[in-house]
Amino acid sequence: MYALWQAIRYEAPFQDQATDNTRLPQTKSIDDAGTTLRPFYKDAHQGVPWTSSMIQKSGAEPGPTVFDYNYHYPELPIELSGPRKQKEMASYVLKQVHQLYGPPTDESLVDTPKVPERILPPKHIVQDGKFRREWLIFVRVRKYLIPGNFFILFFLGEPGDDPHGWILNENRVGSIDTFKSSTDICGNCAGQEEADQLLSGGVDITNALYARLTGTGHTLDDQAEVEKWLAKNLKWRILKNDGTELMDEELQRNPENLFVGVKSFVLLYPTDDLPIDGDKFQSIPKIIDEKVHLGVTEPQKDHGGLRRQDPY
């Protein structure tokens with residue numbers, strides 16, 4: 001994902017990460033251009049770890065890309081990796097991302113979203129574009145909440161009582177997994193645990209939600225009705241590495257162990273006519289009317305659901 005992002009934002013330098021993009025509380029340490037990128041070292045003796053500032057180019061010259069360090073991915077054609085081809089690469093990647101992750105059916109798109117007129121894009125964009133309200137679960141959890149890895153599984157419907165059946169449950173719509181090793185064999189992990197590192201992530205439930213709403217008379221843009229539906233049907237469970245469930249009592253030992261929130265926003269999707277710059281696919285979908293839906297998660301506040309008084 002980073003390689004795809006860098007191909008599109010090839011002129012963007014590293015920016016300090018004071019908060020994550022889910023609007024959750026600040027982590028206990030802030031990544032900046034001088035943060036060490038262990039376990040990647042600049043020298044053969046592993047004495048000097050890489051930092052982002054070491055690979056930034058100066059002046060008006062475009063910044064480095066993954067290709068400068070011999071990283072190649074099938075989604076990024078090698079013939080577009082050379083100098084002065086950054087715009088062509090960005091155009092190609094944007095088109096591929098839209099084809100792979102865009103709406104699976106035009107029926108979920110609308111000509112004009114249900115938002116205040118003052119926040120709509122210019123009229124020619126509204127006339128030529130298509131919109132859809134996207135729905136996203138966002139999470140912040142203490143990475144070292146328990147020893148060993150764990151998985152946060154999300155369901156639109158009942159998950160069942162048997163943890164062994166959760167992974168293949170037909171109602172599961174996504175998961176967020178930790179990735180860590182025991183601190184006795186991973187010095188980097190020991191530092192992360194000491195810093196009480198926080199893990200954040202998101203699960204896009206738009207397509208799954210659209211499928212569930214079919215036949216109910218509601219659309220993705222009906223925020224109040226969808227919020228009520230999600231408050232009743234959105235469930236999550238935490239699965240330990242040993243196959244057992246992390247219980248609420250363990251979560252409640254620290255009020256900052258877990259935050260699960262839901263937000264939605266309206267996204268302008270590219271069409272055959274928009275947004276095209278000449279023969280190139282250049283424009284990035286526009287986000288408007290972003291909202292956090294506390295009514296979905298507050299009923300599950302004892303299970304990590306985001307509450308009105310929580311920072312976000």
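Not measured: the values here are computed from a predicted model.

Some remarks on the pattern of salt bridges
So, point 1. By the definition in use, this model includes 12 salt bridges.
So, point 2. The shortest N-O distance in the salt bridge between Asp221 and Arg133 comes to 3.1 Å. Separated by 88 residues along the polypeptide, Asp221 in the loop between helix 5 (206–213) and helix 6 (223–233) and Arg133 in strand 3 (residues 130–142) bring together distant segments of the chain. Comparing Asp221 with Arg133 shows no difference in burial state: the two are buried.
So, point 3. Here Lys235 and Glu158 are joined by a salt bridge, their closest N and O atoms 3.9 Å apart. Of this pair, Lys235 sits in strand 7 (residues 234–240) while Glu158 sits in the loop between strand 4 (150–156) and strand 5 (172–177); the two residues are 77 residues apart in sequence, bridging distant segments of the chain.
So, point 4. Judged by relative accessible area, Glu158 falls into the exposed class, the value being 53%.
So, point 5. In the salt-bridge network here, residues are joined through shared partners; they are Arg133, Asp221 and Asp289.

Things to note about unusual backbone geometry
So, point 1. For Asp289, which is not a glycine, the phi torsion comes out positive at approximately 55 degrees.
So, point 2. Here Asp289 lies in strand 9 (residues 287–292).

What about the sheet that holds strand 8 (residues 258–269)?
So, point 1. With antiparallel pairing, four strands are arranged side by side in an open sheet as 6-3-8-9. For this open sheet the edge positions go to strand 6 (198–204) and strand 9, each flanked by a neighbour on one side alone. Shown here is a sheet whose adjacent strand axes are inclined to one another by a mean of 25 degrees, direction ignored.
So, point 2. Note: strand 3 against strand 8, 12 bridges, orientation antiparallel. Counted as the bridge partner of Ile137 is Val262 from strand 8.
So, point 3. Running at roughly 120 degrees to strand 3, helix 5 makes contact with strand 3 and strand 6 of the sheet.

A few points about the packing of helix 5 against helix 6
So, point 1. Between helix 5 and helix 6, the least distance of the axes is 12 Å, while the angle of their chain directions is 95 degrees. The angle between helix 5 and helix 6 falls in the class roughly perpendicular. Residues Leu209, Arg212 and Leu213 of helix 5 form the contact with helix 6, whose participating residues are Val226, Trp229 and Leu230.

Some remarks on the nonpolar core
The nonpolar side chains of soluble globular proteins are, as a tendency, buried together.
So, point 1. Counting 29 residues, the largest nonpolar core has Ile137, Val139, Phe154, Leu230 and Leu258 as its most contacted members.
So, point 2. Breaking this core down by element, the ones donating at least two residues are strand 3, strand 4, strand 5, helix 5, helix 6, strand 7 and strand 8.
So, point 3. The residues touching Ile137, leaving out its near neighbours within four places in the chain, are Phe154, Gly201, Gly202, Val203, Ile205, Leu234, Val260, Gly261 and Val262.
So, point 4. In this structure, Ala3, Leu4, Ala7 and Val93 belong to the second largest nonpolar core, which totals seven residues.

About the cut-offs
Residues numbered from 1 in each chain as written. Predicted model: local features only at pLDDT ≥ 70, side-chain atom pairs only at ≥ 80, totals over all residues. Heavy atoms only, no water. Salt bridge = Lys/Arg side-chain N within 4 Å of Asp/Glu carboxyl O. Helix = DSSP H or I, 4+ residues; strand = E, 2+ residues; numbered from the N terminus. Buried < 20%, exposed > 50% of the residue type's maximum accessible area, 1.4 Å probe, protein only. Pairing = 2+ DSSP bridges. Axes fitted to C-alpha atoms, helices over the stretch in contact; angles between N-to-C directions. Contact = heavy atoms within 4.5 Å. Parallel < 35°, antiparallel > 145°, perpendicular 65-115°, else oblique. Core = buried A, V, L, I, M, F, W, Y, C linked by side-chain atoms within 4.5 Å.

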